[in-house]
Amino acid sequence: MKSQDIRKQFLQFFESKGHLIVPSAPIVLKDDPTLMFNNSGMAQFKEYFLGNGTPKSKRIADTQKCLRVSGKHNDLEDVGFDTYHHTMFEMLGNWSFGDYFKKEAINWAWELLTEVYKIPKENLYVSVFEGNPEENVPFDQEAWDIWKALIDEDRIILGNKKDNFWEMGDQGPCGPCSEIHVDLRSAEEKTAVSGKSLVNNDHPQVVEIWNNVFMEFNRKADGSLEKLPAQHVDTGMGFERLCMALQGKTSNYDTDVFTPLIEKIEKITRLKYTPNEIILNESEESIKQNKTNIAIRVVADHVRAVAFAIADGQLPSNNGAGYVIRRILRRAIRYGFTFLNTKEPFIHSLVEVLANQMGEFFPEIQAQQQFVTNVIREEEASFLRTLDQGLQLLDKVIAETNGKTVSGDKAFELYDTFGFPIDLTALILREKGFELDEAGFNAAMQEQKNRSRAASEVSTEDWSILIPGNVETFVGYDQTESEVKITRIRKVDSKKDGVLYQIVLDTTPFYPEGGGQVGDKGTLTSSNETIQIIDTKKENNLILHFTKQLPENISASFIAKVNTELRTATSKNHSATHLMHQALREILGTHVEQKGSLVNADRLRFDFSHFSKVTDEEIKKVEDFVNARIEEQLPLIERRSIPIQQALDEGAMALFGEKYGDTVRAIKFGQSMELCGGIHVKNTAEIWHFKIVSEGAVAAGIRRIEAITGNAVRNYYTTQETALADISSALKNPQDTIKAVVSLQDENAKLKKQLEQLMKEKLDGLKNILTSEFTAINGINYLTKQVDLSMGATKDLAQAIGSSMPNSFVVLASIEDNAPNIHCYIAKELVASNNLNANVVIKELGKYIDGNGGGQPFFASGKGKNSAGIKEALDKAIQFTK
């Protein structure tokens, strides 16, 4: 059975059981501050489990793209080495929100696996929760009894809290679970060893394929459990593992989920992948083949994760979720570089295979194919350059190492600063006869992790519920103030922000951060006090108002009032963003798509797909286009509850990676129409004027424009006028200021040429003079001198004098801007025959000028702070000739 059919059968089965089939949420989470990525099927439904929202149906089924590479669920280092762990995977799931419970969930799981998919019952094992007396959670007798009617009792396993009690996080909904495991071993292996003994013991052919979680409890901040008001079912079945079972394979990578990618890698690298069924011996050839297999699995797995993350809007970067994606891609590049002998970019060419294979069910990968390909290609080229640079730096580290063990700190610097993989460092060192101080590296790595963990550590208390029920209403589109009551509060303590309080109101005019727009600020005022709202965010469908203190009387009535000055300025920038998006598509082409934005009161920032610099002429056209729309005084046409398909049919722009409901809010100004939940002006005339202040690249195929509107434009032009007046005044108020500046530049260029000629003549003269001052010491032509030159000129002179004399050892020093600098040239024949090293010389002499430096064995430079130490440094240099 093909993987596409397996997926369809799952969804059709649960549709027949009254489930609503919903699409996968984006793999990148943009509205959940607690998670970077969807790491499980239930992530998009958290608000329903928490009681903060109402699902479209009490029964839902889907297949969810998941990514597990960070935090508690981290499979990255296992990927490639075994046959069943992945970074990105599909989670098939069925959900019940206060509807059916254990009986239906278990019976349907058994029916689908054994009657529809026809997996032999004798290949299946199940587990139930054994209970935990410490937490007063009993043995799951109900699940046991249900299973006992379906399967032999000796195939039911009792599981502990680690294996059979599922929790969303440190706090939140949780409950016992019942796992289903499949034994894919041969008949001989099953006869020799019982599959029951291999369950949950990391056996590659005895694996969990389905987990049925029964949400019954809520984990509180103090660790205690309380019963949920409603019981829910949350199930997840690993699609890739299910395909392995149904296609008669013993490795996920041997299924048609991965074979098209592997075949393409084989074609590119001209290396052969051996399926898991082929048992390798311990010969050198087999060991090499195993390394090839691992590398091919790494590449095939990682390109899926990276491609879908980029298609969903997450670009590789140096921080946050972007860093995780870059790290995954670089791991794939590194394995290809080391074990597949790929020195040129090639992973990008796999995106086409992925789009053809998965585009039917996940249309975003097909629609974004070219963009994803280009981004990955640029990332590959960049990291291959980094690898080349790292190899040179590693050679330098080796040259500076005394003995045969390279410092762990040095290796960590290569890893942390330059992105050079530690396993590649270790491999190269072994090939060159060196060892890596792994303990030192691990200590440096742990120290960094501790710093990072401490900086991001957050302690969140339980909610104190003042008004029960889901009663919150957002009125911010129509009002900037309203009378409110507090429904719940909680305290949050973090190293970064200190102690803050999150307040939820029954009604709020405050817009929560989202869609690129920052959250509102303002006040919460009662009859006797005013509390500052410093930010507004949304989490699990709750609008959270952040304060540094709580009101004295939290049960009082309050007036919630938005800072309208900030709100108005922000709305101008947000509406201008829509107009600019329209302008870019008109002027640059319809390939332009929004890839990120930030809208606040000061300015707007807009990232978009485009593969060349936007010219000055194009920028002017964009500005003119937007300002023309402002002058047209276009009214806002807002529809808050339009069916999404109708909006799209009418031409509304939807963004890849955003999660939309069945009904959406559409914002229209003239011909510009976008799906948007943000705050906008009522008429484009309110924007007043639009001005682009910068344009540049932020990633491969991604450009960024920053722009301003309203009062910021007034201030911009005022600053420009003042600067022009100051320049004119400095030039004695010429009639034509620009002409005067050009004349000044021409004069400066002539003087610079004259100065360069004079400096050349001075250097030639000094060279002739100093060449006569060499002293012969032990067969070495030795010269030290302080000269009155710039640092650059001193460096040039040292090299010129040194290269003019055989067996030369030259040390020159000078002072520039009150800072001493020192340079050492050693003839290459002396480096080889006398074991002299300019690097060592500079590091030693640098001590006398309170400085340091470096370079190559035949030439090195240093800079310091203590000019008075130059004489002693030059005097000490002679010791190196002895």
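Presented here is a report on the structure given in the accompanying data block.

1. Section: the overall build of the protein chain
- In terms of helices and strands, the protein chain carries 25 helices and 38 strands.
- The C-alpha extent of the protein chain, read off along each of the three principal axes, is 105 × 80 × 55 Å.
- Taking as baseline every contact in the protein chain between residues at least 6 positions apart, the subset at least 24 positions apart corresponds to 68%.
- Surface exposure of the protein chain reaches about 41500 Å², of which carbon and sulfur atoms provide 48%.
- Averaged over its 101 positive side-chain charges, the protein chain has a centre that lies 3 Å from the centre of its 123 negative ones.

2. Considerations on the environment of Leu50
- Turning to its location among the elements, Leu50 is positioned in the loop between helix H2 (46-49) and strand E2 (59-67).
- Note: C-alpha distance between Leu50 and Ser555 (505 residues apart in sequence) is 23 Å.

3. Brief notes about the sheet that holds strand E22 (residues 530-533)
- Strands sit in the order E17-E25-E21-E22 across an open sheet of four strands; the sheet is antiparallel. Each edge of the open sheet is held by one strand with a lone partner, namely strand E17 (481-484) and E22. Each strand axis lies, on average, 20° off the axis of its neighbour in the sheet, ignoring direction.
- As judged from the four bridges shared by strand E21 (residues 522-525) and E22, these two strands associate in the antiparallel manner. Directly across from Thr523, in E22, lies its bridge partner Gln532.

4. As for the pattern of salt bridges
- Counting across every chain of the model gives 42 salt bridges.
- When the shortest N-O distance is used, the salt bridge between Asp99 and Arg59 registers 2.5 Å. You can see Asp99 sitting in the loop between strand E5 (88-97) and helix H3 (102-116) and its partner Arg59 sitting in strand E2, a full 40 residues away along the chain.
- Since its relative accessible area comes to 35%, Asp99 is described here as partly exposed.
- Residues Lys537 and Asp535 are paired through a salt bridge, measuring 3.5 Å at the closest nitrogen-oxygen approach.
- Lys537 gets classed as partly exposed once you look at its relative accessible area, which sits at 28%.
- Shared partners join several salt bridges into a network, and the residues in it are Lys102, Asp140, Glu142, Glu216 and Lys227.

5. Structural notes on the packing of aromatic side chains
- Counted by the stated rule, this structure contains 28 aromatic pairs.
- Where Phe308 meets Phe362, the ring centres are 5.7 Å apart and the plane angle is 80°; that geometry is what we call edge-to-face. On the criterion of sequence distance, the pair formed by Phe308 in helix H9 (residues 284-311) and Phe362 in the loop between helix H11 (351-358) and helix H12 (363-367) is long-range, its members being 54 residues apart.
- On the basis of relative accessible area, Phe362 is assigned to the buried category, the value being 2%.
- Each residue in the set Phe45, Tyr48, Phe49, Trp95 and Phe97 is aromatic and connected to the rest through ring pairs, giving one cluster.
- For Arg334, the ring lying beneath its charged end belongs to Tyr335, and the centroid distance is 5.0 Å.
- The ring of Phe434 has Lys404 sitting right over it, with the charged end atom 4.4 Å from the ring centre.

6. Brief notes about the packing of helix H10 (residues 320-339) against helix H15 (residues 422-431)
- For the pair H10 and H15, the least separation of the axes is 10 Å and the interaxial angle reads 20°. One way to sum up the angle between H10 and H15 is to call them roughly parallel. In this structure, H10 meets H15 at a crossing whose hand is left-handed. Here Arg334, Tyr335, Phe337 and Thr338 of H10 lie close against H15, whose contacting residues are Asp423, Leu424 and Leu427.
- Partitioned by chemical class, the residues of the contact of H10 with H15 number four nonpolar, one polar and two charged.

7. Describing the sheet that holds strand E32 (residues 702-709)
- Strand order in the open sheet made by the four strands is E26-E27-E32-E31, with antiparallel pairing throughout. Every other strand in the sheet has two partners, leaving strand E26 (594-599) and strand E31 (690-699) as the edge strands with one partner each. With direction set aside, neighbouring strand axes in the sheet form an average angle of 15°.
- One ladder, built from six bridges, connects strand E27 (residues 604-609) with E32; its direction is antiparallel.

8. Focus on the state of the cysteines
- Across all of its chains, the model carries zero disulfides by this definition.
- Free of any disulfide, Cys174 has its nearest cysteine sulfur in Cys177, 11 Å distant.
- For Cys177, a relative accessible area of 2% translates into the label buried.

9. Here we look at the packing of helix H13 (residues 369-399) against helix H14 (residues 408-418)
- Where H13 meets H14, the closest approach of the two axes is 11 Å, and the angle between their N-to-C directions is 160°. In terms of axis orientation, H13 runs roughly antiparallel to H14. Along this stretch, H13 crosses H14, giving a crossing that reads as right-handed. Of the residues in H14, those in contact with Thr386, Gln389, Gly390, Leu393, Leu394 and Val397 of H13 are Lys410, Leu414 and Phe418.
- Among the residues making up the contact of H13 with H14, the classes are represented as five nonpolar, three polar and one charged.

10. Considerations on the nonpolar core
- In terms of nonpolar packing, the biggest core is built from 118 residues, with Leu113, Ile119, Trp210 and Ile347 touching the most fellow members.
- Among the elements that make up this core, the one with the highest residue count is H9 (14 residues).
- Ala583, Val592, Val614 and Ile692 belong to the second largest nonpolar core, which has 27 residues in total.

11. Digging into unusual backbone geometry
- Positive phi is not limited to glycine here, since Lys118 has a value of about 60°.
- Among the secondary structure elements, Lys118 is positioned in the loop between H3 and strand E6 (124-129).
- The phi dihedral of Asn818 falls on the positive side, at around 65°, and the residue is not glycine.
- With respect to the secondary-structure elements, Asn818 resides in the loop between strand E35 (808-816) and strand E36 (819-826).
- The exposure class of Asn818 is exposed, given its relative accessible area of 70%.

Criteria and thresholds
Residues numbered from 1 in each chain as written. Predicted model: local features only at pLDDT ≥ 70, side-chain atom pairs only at ≥ 80, totals over all residues. Heavy atoms only, no water. Helix = DSSP H or I, 4+ residues; strand = E, 2+ residues; numbered from the N terminus. Contact = heavy atoms within 4.5 Å. Areas by Shrake-Rupley, 256 points an atom, 1.4 Å probe, with all protein chains shown as cover. Lys, Arg positive; Asp, Glu negative; His and termini not counted. Charge placed at Lys NZ, Arg CZ, Asp CG, Glu CD. Pairing = 2+ DSSP bridges. Axes fitted to C-alpha atoms, helices over the stretch in contact; angles between N-to-C directions. Salt bridge = Lys/Arg side-chain N within 4 Å of Asp/Glu carboxyl O. Buried < 20%, exposed > 50% of the residue type's maximum accessible area, 1.4 Å probe, protein only. Phe/Tyr/Trp six-rings, centres within 6.5 Å; stacked < 30°, edge-to-face > 60°. Lys NZ or Arg CZ within 6 Å of the ring centre and 35° of its normal. Parallel < 35°, antiparallel > 145°, perpendicular 65-115°, else oblique. Left-handed = near helix turned anticlockwise from the far one by under 90°. Nonpolar A, V, L, I, M, F, W, Y, C, P; charged D, E, K, R; others polar. Disulfide = S-S within 2.5 Å. Core = buried A, V, L, I, M, F, W, Y, C linked by side-chain atoms within 4.5 Å.

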